[in-house]
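# Summary of the model geometry
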Amino acid sequence: MKTVTADAHKRVRIPDAKPKQVFAYESDSDGTVTLTPVEAQRKERFPRGSLLKYMTPERDQEQLAILKGCVQEPE
């Protein structure tokens, strides 16, 4: 058994924990605390092909017109 101590910010260092690992916290009435590792489910932010609706020839022309008004060309 290993013991850990919480700092002033209520943080605890667990020697065997991996970076960004998620734990479920459970406190019992007898004062015991149980930490259970949880497999965090991550979904892809932008699935492949989901941004294609924003890339159209009309949108490209509009963005180029906006860019032309913002960029100064050399004299």
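Further remarks concern the overall build of the chain. From N to C terminus, the chain includes one helix and two strands. Listed by position from the N terminus, the elements making up the chain come as β-β-α. Taking 2.2 N^0.38 as the reference for a compact globule, 75 residues should give roughly 11 Å; the C-alpha atoms of the chain span a radius of gyration of 26 Å, well beyond that estimate. Principal-axis analysis of the C-alpha atoms places the extent of the chain at approximately 75 × 35 × 25 Å.

The subject of this paragraph is the pattern of salt bridges. By the definition in use, this model includes two salt bridges. K2 serves as the salt-bridge partner of D16, at 3.6 Å between the closest nitrogen and oxygen. With D16 in the segment before β1 (22-27) and K2 in the segment before β1, the pair connects residues that are 14 residues apart, well separated along the chain. The pair formed by D16 and K2 is uniform in burial state, with each residue classed as exposed. Note that D7 and R11 form a salt bridge whose closest N and O atoms lie 2.9 Å from each other.

What counts, and at which threshold
Residues numbered from 1 in each chain as written. Predicted model: local features only at pLDDT ≥ 70, side-chain atom pairs only at ≥ 80, totals over all residues. Heavy atoms only, no water. Helix = DSSP H or I, 4+ residues; strand = E, 2+ residues; numbered from the N terminus. Rg over C-alpha atoms; globule rule 2.2 N^0.38 Å. Salt bridge = Lys/Arg side-chain N within 4 Å of Asp/Glu carboxyl O. Buried < 20%, exposed > 50% of the residue type's maximum accessible area, 1.4 Å probe, protein only.

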